[in-house]
Amino acid sequence: MAVELINPNPVIHERKSKAHRLDLPSVHGDEDAAEEFDATEIFDHIRDITDPEHPYSLEQLNVVSEEAIMVDDKGSKVGIKFTPTVQHCSMATLIGLCIRVKLLRSLPPRFKVDINVAPGSHASEAAVNKQLNDKERVAAALENPHLVDMVEKCLASSEQ
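Presented here is a report on the structure given in the accompanying data block. (Residues numbered from 1 in each chain as written. Predicted model: local features only at pLDDT ≥ 70, side-chain atom pairs only at ≥ 80, totals over all residues. Heavy atoms only, no water.)

Examining the overall build of the protein
Each helix and strand in the protein was counted, giving five helices and three strands. For the protein, the sequential pattern of α-helices and β-strands runs α-β-β-α-β-α-α-α. If you take every contact in the protein between residues at least 6 apart in sequence, the share linking residues at least 24 apart comes to 68%. In the form shown here, the protein has an accessible surface area of approximately 9,700 Å², with 53% of it arising from carbon and sulfur atoms. (Helix = DSSP H or I, 4+ residues; strand = E, 2+ residues; numbered from the N terminus. Contact = heavy atoms within 4.5 Å. Areas by Shrake-Rupley, 256 points an atom, 1.4 Å probe, with all protein chains shown as cover.)

So, in structure tokens, the structure goes:
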């Protein structure tokens, strides 16, 4: 039995080169000061997540982009808008869950992360956004061993 792909022919985009950051001492020499985060750093954390349906990264499929990331470091907020490859993508909630788990593992707990599909990019935009930003729904999803296994597979290449 062959598995039917939601998007059998995705457009593959060229990857941007990774930004090289210099580990500069803080302005005041305070080693205990909170590290500042920006959109480039957040993008570097999520760009290599593998799509659940294809062997390509979210960056290669243009699902995530640095331009769609908002960071308010002082307010400890991160906002990410991602664009599924097709409007009826049934993997959109899984993609959003992968992004959330990756950032939970990568960012300090002071950050509140909002993850949404880009406006007009999904047929069930409101429902997907509600699922991705509801703590109880996210917690319930992460109790499902099958879902956790899928998330781990998508994150494997981004954590090397």
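From this point on, the discussion continues.
Quick look at the pattern of salt bridges
In total, this model carries seven salt bridges according to the counting rule given. One salt bridge connects Arg47 with Glu59, and the closest N-O pair in it is separated by 3.0 Å. With Arg47 in the loop between α1 (39-46) and β1 (69-72) and Glu59 in the loop between α1 and β1, the pair connects residues that are twelve residues apart, well separated along the chain. For Arg110, the salt bridge goes to Asp73, with nearest N and O atoms at 3.0 Å. (Salt bridge = Lys/Arg side-chain N within 4 Å of Asp/Glu carboxyl O.)

Considerations on the nonpolar core
Membership of the largest hydrophobic core comes to 34 residues, with the highest contact counts inside it found for Phe82 and Ile99. When contributions to this core are tallied by element, the ones reaching two or more residues are α1, β2 (77-82), α2 (92-106), β3 (112-117), α3 (125-132), α4 (135-141) and α5 (145-156). (Core = buried A, V, L, I, M, F, W, Y, C linked by side-chain atoms within 4.5 Å. Buried < 20%, exposed > 50% of the residue type's maximum accessible area, 1.4 Å probe, protein only.)

Structural notes on the side chain of Lys102
Looking at the element boundaries, Lys102 is found in helix α2. Residue Lys102 is classed as buried on the basis of its relative accessible area, which comes to 7%. If sequence neighbours within four positions are ignored, Lys102 has contacts with His45, Ile46, Ile49, Leu155, Ser158 and Glu159.

With respect to the side chain of Ser76
Inspection of the secondary structure assignment puts Ser76 in the loop between β1 and β2. Once residues lying within four places of it in the same chain are set aside, the contact partners of Ser76 are Arg110, Phe111 and Lys112.

Side note on the sheet that holds β2
The three strands are arranged β1-β2-β3 in an open sheet whose pairing can be described as mixed. The two strands at the open ends of the sheet, each matched to only one other strand, are β1 and β3. On average, each strand axis in the sheet is tilted by 10° relative to the strand beside it, whichever way the strands run. Along the sheet, α2 makes contact with β2 and β3, crossing β3 at roughly 160°. Contacts between α3 and the sheet are confined to β2 and β3, with β3 contributing the most and set at about 160° to the helix. (Pairing = 2+ DSSP bridges. Axes fitted to C-alpha atoms, helices over the stretch in contact; angles between N-to-C directions.)

Quick word on α2
For α2, which comprises 15 residues, the first-to-last C-alpha distance of 21 Å matches the rise-based estimate of 21 Å (1.5 Å per residue) to within 8%. Counting buried positions over the 15 residues of α2 gives eleven, a clear majority of the element. Among all positions of α2, only Ala92, Leu94, Ile95, Gly96, Leu97, Cys98, Ile99, Arg100, Val101, Lys102 and Leu103 are buried. Tucked into the core, α2 has its buried residues touching α1, β2, β3, α3, α4 and α5. (Expected span 1.5 Å × (residues − 1).)

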